[in-house]
Structures are given as structure tokens and as C-alpha cells.
Amino acid sequence: MAAIENSRGWRRSTHCEAGACVEVSTSGDQVLVRRSDEPDGPELRVSRASWREFLAGLRAGEFDVPAID
């Protein structure tokens with residue numbers, strides 16, 4: 001997945017079309033996460049190790065919502 005980067009180093013997916021997407025950046029040993037439509041809003045900060053584990057879980061489908069029949 002490609003990313004778009006702004007001048008402050010925040011990146012978001014090129015799949016983001018509505019403007020209300022997640023952006024990520026790094027600062028030292030932390031990964032910062034925020035909403036693109038609230039650039040001055042709060043940021044979630046996690047360790048790089050935790051971020052890698054989260055991404056692995058996403059790729060493995062750990063957070064997929066089961067279909068409701």
C-alpha cells in the first residue's frame with residue numbers, strides 16, 4: 001500500500017479519499033497515530049515493537065469482524 005507524506009512527516013494511505021483517515025509518523029522509538037481530519041487533535045503513541053505487533057495482527061486477520069448471517 002502506497003503512502004502520502006506531508007511536510008511534517010505524517011503518512012497516510014493513498015486509499016484515503018474522504019479526508020478522515022489515520023495518519024502515522026515516528027518520533028524516536030515511538031510511532032504516533034492521529035486522525036487526518038484533526039491534525040491538531042490528540043495523538044496515540046506506541047512503541048515501534050507494539051506497532052509491528054499490531055500490523056502483524058491486522059495482516060493475520062485478528063481484528064476482522066465476522067460476517068453476520
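For the structure, see preceding data.
Every chain is numbered independently, its residues counted from 1 as its sequence is written. At least 70 in pLDDT is required for a residue's local features to be given in this predicted model, at least 80 for side-chain atom pairs to be given and counted, and no such filter applies to totals for whole chains, interfaces and linings, which use all residues. The side-chain figures draw on all heavy atoms in the structure; neither hydrogens nor water molecules are used.

Numbering of helices and strands runs from the N terminus; a helix is a DSSP stretch of H or I covering at least four residues, while a strand is a stretch of E covering at least two. The number of helices and strands found in the chain is one helix and five strands. Moving toward the C terminus, one meets the helices and strands of the chain in the order β-β-β-β-β-α. Between buried and exposed lies partly exposed: a residue is buried under 20% and exposed over 50% of the maximum accessible area for its type, with that area taken using a 1.4 Å probe on protein chains only. Each of the 69 residues in the chain was classed as buried or not, and the buried ones make up 22%. By definition, residues are in contact when any of their heavy atoms lie within 4.5 Å. Across the chain, every contact between residues at least 6 apart in sequence was considered, and the portion connecting residues at least 24 apart equals 7%. Summed over all atoms, the accessible surface of the chain reaches about 5,300 Å², with 51% contributed by carbon and sulfur. In short, Shrake-Rupley with a 1.4 Å probe defines the accessible areas, and a residue's cover is counted only from the protein chains shown.

Patches here: salt-bridge-free residues with over 30% relative accessible area, like charges joined within 9 Å, nonpolar side chains (Val, Leu, Ile, Met, Phe, Trp, Tyr) joined within 5 Å. Salt bridge criterion: a side-chain nitrogen from Lys or Arg within 4 Å of a carboxyl oxygen from Asp or Glu. Together, Phe54, Leu58 and Phe63 line one region of the surface with nonpolar side chains, adding up to about 280 Å² of accessible area. Its location among the elements puts Leu58 in helix α1 (residues 48-60). By relative accessible area, which is 41% here, Leu58 ends up partly exposed.

The next point concerns the side chain of Glu23. Tracing the backbone shows Glu23 in strand β3 (residues 22-27). Counted as a polar contact is a pair of N or O atoms within 3.5 Å, where, for protein atoms, one must be capable of donating a hydrogen and the other of accepting one, and residues adjacent in sequence contribute only when both atoms are in side chains. At 3.4 Å, the side chain of Glu23 forms a polar contact with the side chain of Arg12.

Let us look at α1. For α1, with 13 residues, the first-to-last C-alpha span of 18 Å sits near the 18 Å given by 1.5 Å per residue. Just downstream of α1 lies Gly61, where phi reads positive at about 80°. Helix span, expected: 1.5 Å multiplied by one less than the number of residues in the helix.

Looking now at the state of the cysteines. Count a disulfide wherever a pair of cysteine sulfur atoms falls within 2.5 Å. Within this structure, the stated rule accounts for one disulfide. Each sulfur of the disulfide joining Cys16 and Cys21 lies 1.7 Å from the other. Disulfide Cys16 to Cys21: torsion about the S-S bond roughly 95°, handedness right-handed. Residue class for Cys21 comes out buried when judged on its relative accessible area of 18%.

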